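Structure at a glance
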Amino acid sequence: MSTTNQEAKINFAHQWKNFVLGFQHLLAMYSGDVLVPLLIGHYLHFTTLQMTYLVSIDIFMCGVATLLQLKRTPLTGIGLPVVLGCAVQAVTPLETIGGKLGITYMYGAIIAAGIFVFLIAGVFARLKKFFPPVVTGSLITIIGFTLVPVGFQDLGGGTPTASSFGAPTNLFIGFLTIAIILLFNAFARGFMKSIAILLGILISSFIAGIMGFISLKPVSEAAWFHTPQLFFFGVPQFNTSAIITMIESTGVFFALSDITGQKLTSNDLKHGYRAEGIAAILGGLFNTFPYSTFSENVGVLKMSGVKSRQPVYYAAFLLLILGLLPKVGALATVIPEPVLGGAMIVMFGMVGVQGVQILHKVDFSNNANLLTASVSIGLGLGITMYPQLFQHMPTEFQIILGNGIVITSISAVLLNLLFNHRWASHN
């Protein structure tokens, strides 16, 4: 065999592995991202046609937003292995704006938020010094652990008020998914171990299909092809509203920085924020959502051990393709919720522990650090459990104060400044 042919085969095998790893990234974020258009579309009483468009264009724009962040340009792109999507935290403010003011105002708010993020990216990036390990560790811990209950909700069947929630079959499938992922991590080697989450999802879905969990009705009802359209639901209108996405993104950026060993500069953060600003603007123009880095994929990166951007490029192009082919994209929606829940519990738990690892570097013999982390994490958990605590406040305040991740960030930054300033003044 010639050297050229041998190199070609090695390269093909390498690219195939990257493709499968990219598919794993896709499955890890797909359910969480599709959940957003489904929730908002249902809340706003969308028709089947409108819902089909909303889900398809959302998937397509996830691919566009991910490419914007992956590719480093003179203006945009943090250049880390990140996957972008619309976080569940955006559901409540978007429903509030869309329900009270109308859907066109919702998209106007998304565009305004994107422009705002793009314009102040440079200023916000210079605040890097306000994110020492006690702050980033608290933030990443809360990002992971506040999302674990979402995994448990899916594991139980998705709707806690339903009579079938927590049914033995749901629990069996959910915990089977966790067991398969853990077994592959314990006994598999190399590539098989790196795709443990993907194998857990696929094997458990196959078993769930045999048990009658899977319906192919969404696939049969979906169209074969659909192209993105500007202003599908109407021309956006503007109202005084803001959707804060930078805080959570900062935490995910630092988590990825810690995993990959790539130190982030203020310039890196500026590029990252600008990319998300442009993604939000495009989301508003094409009537989708604001996009930010997905926490789920930090867990995938941590577990697979593959830190390059190549698999994520494949994930981005797969998202673009699925966004144009609703019938193919609908296949991913038939994955049973208990299967996704089991996988999410593993992934979100790993993100939380990543934060704990960062906190391990903090000197907790210093009471200031202890108070900063404990109060900030406590506030984040509390607000996540009871976001309605601020339901009587104006919408703008609810958007900010009803998000546990944002509250943890604000608390950690302010308490760190307060205690460090006092410590410095006494020494």
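What comes next is a walk through the structure. Counting restarts for each chain: residues are numbered from 1 in the order of the written sequence. pLDDT decides what is reported in this predicted model: residues at 70 or higher carry local features, side-chain atom pairs at 80 or more are listed and counted, and totals for whole chains, interfaces and linings draw on all residues regardless. Hydrogens and waters are ignored; side-chain quantities use all the structure's heavy atoms.

1. Overview of the overall build of the protein
Segments assigned H or I by DSSP are reported as helices when at least four residues long, segments assigned E as strands when at least two residues long, and all are numbered from the N terminus. Summing up its helical and strand segments, the protein has 20 helices and two strands in all. Only protein chains enter the accessibility calculation, which uses a 1.4 Å probe; a residue whose area is less than 20% of its type maximum is buried, one above 50% is exposed, and one in between is partly exposed. Relative to its full complement of 427 residues, the protein shows a buried share of 53%. Contacts are residue-level and defined by heavy atoms, with any inter-residue pair within 4.5 Å sufficient. In the protein, 82% of the contacts between residues at least 6 apart in sequence involve partners at least 24 apart.

2. Notes on helix α8 (residues 168–187)
A helix is expected to span 1.5 Å for every residue after the first. A rise of 1.5 Å per residue sets the reference length of α8, with its 20 residues, at 28 Å; its end C-alpha atoms lie 28 Å apart and thus fit the reference within 8%. Listing the buried residues of α8 in full gives N170, I173, G174, L176, T177, I178, I180, I181 and N185.

3. A short note on the packing of helix α7 (residues 148–156) against helix α17 (residues 337–359)
Note on definitions: angles span 0 to 180 degrees between N-to-C directions of axes, and those axes are lines fitted to C-alpha atoms, for helices only across the stretch in contact. One way to put it is that α7 packs onto α17 with a least axis distance of 7 Å and a crossing angle of 160 degrees. Here α7 lies roughly antiparallel to α17, going by the angle between them. You can see that α7 and α17 cross each other, and the crossing is left-handed. From α7, V148, V150, G151, F152, D154 and L155 reach across to α17, where they touch E337, P338, G341, G342, M344, I345, F348 and G349. Throughout this entry, Asp, Glu, Lys and Arg are counted as charged residues, while Ala, Val, Leu, Ile, Met, Phe, Trp, Tyr, Cys and Pro are counted as nonpolar. The remaining residues, Gly among them, count as polar. Looking at the contact of α7 with α17 residue by residue, the class counts come to eight nonpolar, four polar and two charged. Oblique is the label for every angle not falling under 35 degrees (roughly parallel), over 145 degrees (roughly antiparallel), or within 65 to 115 degrees (roughly perpendicular). Should the near helix be turned anticlockwise from the far one by less than a right angle, the crossing is left-handed, and should it be turned clockwise, the crossing is right-handed.

4. What about the environment of G272?
Relative to the assigned elements, G272 resides in helix α13 (residues 266–285). You can call G272 buried: its relative accessible area is 0%. Measuring from C-alpha to C-alpha, the distance between G272 and T293 comes to 9.6 Å, with 21 residues separating the pair along the chain.

5. Some thoughts on the nonpolar core
In summary, soluble globular proteins display a tendency toward joint burial of nonpolar side chains. Judged by nonpolar contacts, the single largest core of 45 residues is most densely connected at I40, M106, F289 and Y291. What is meant by a nonpolar core is a set of buried Ala, Val, Leu, Ile, Met, Phe, Trp, Tyr and Cys residues, joined one to another through side-chain atoms within 4.5 Å. Counting 41 residues, the second largest nonpolar core, distinct from the first, contains L27, V135, A208 and A343.

6. Description of the packing of helix α10 (residues 196–210) against α17
Packed helices, taken two at a time, are described by the angle their axes make and the gap between the axes. α17 packs onto α10 with a crossing angle of 160 degrees between their chain directions and a minimal axis gap of 9 Å. As judged from the angle between their axes, α10 and α17 are roughly antiparallel. The crossing of α10 and α17 is right-handed. Contacts between α10 and α17 involve I197, I201, S204 and S205 from the first element and V339, A343 and M347 from the second. Here the residues of the contact of α10 with α17 are counted per class, giving five nonpolar, two polar and no charged.

7. Comments concerning helix α15 (residues 310–324)
With 15 residues, α15 should cover 21 Å at 1.5 Å per step; its first-to-last C-alpha distance of 22 Å lies within 8% of that length. Inspection of α15 places P311, V312, A315, A316, L318, L319, L320, L322 and G323 among the buried residues, and these make up the whole buried set.

8. Section: the packing of aromatic side chains
Ring pairs shown here join Phe, Tyr and Trp side chains whose ring centres sit within 6.5 Å, with only the six-membered ring taken for Trp; geometry is labelled stacked below 30 degrees between planes, edge-to-face above 60, and tilted in between. In total, this model carries two aromatic pairs according to the counting rule given. Measuring from ring centre to ring centre gives 5.5 Å for W16 and F19, while their planes differ by 20 degrees; the resulting arrangement is stacked. You can see W16 and its partner F19 sitting in helix α1 (residues 3–43), three residues apart, about one turn around the helix. A centroid spacing of 5.8 Å and a plane angle of 85 degrees characterise the contact between F19 and Y314, whose relative ring orientation is edge-to-face. Of the two residues, F19 sits in helix α1 while Y314 sits in helix α15, which places them 295 residues apart along the sequence. A network of ring pairs unites the aromatic residues W16, F19 and Y314 as a single cluster. Any Lys NZ or Arg CZ found within 6 Å of a ring centre and within 35 degrees of that ring's normal is scored as a charge over the ring. The lysine or arginine in question, R274, covers the ring of F118, its NZ or CZ lying 5.8 Å from the ring centre.

9. Quick look at the side chain of T288
Tracing the backbone through its elements, the reader meets T288 in the loop between α13 and β2 (292–293). What T288 contacts, discounting residues up to four positions off in sequence, is I57, D58, M61, Y107, I110 and G283.

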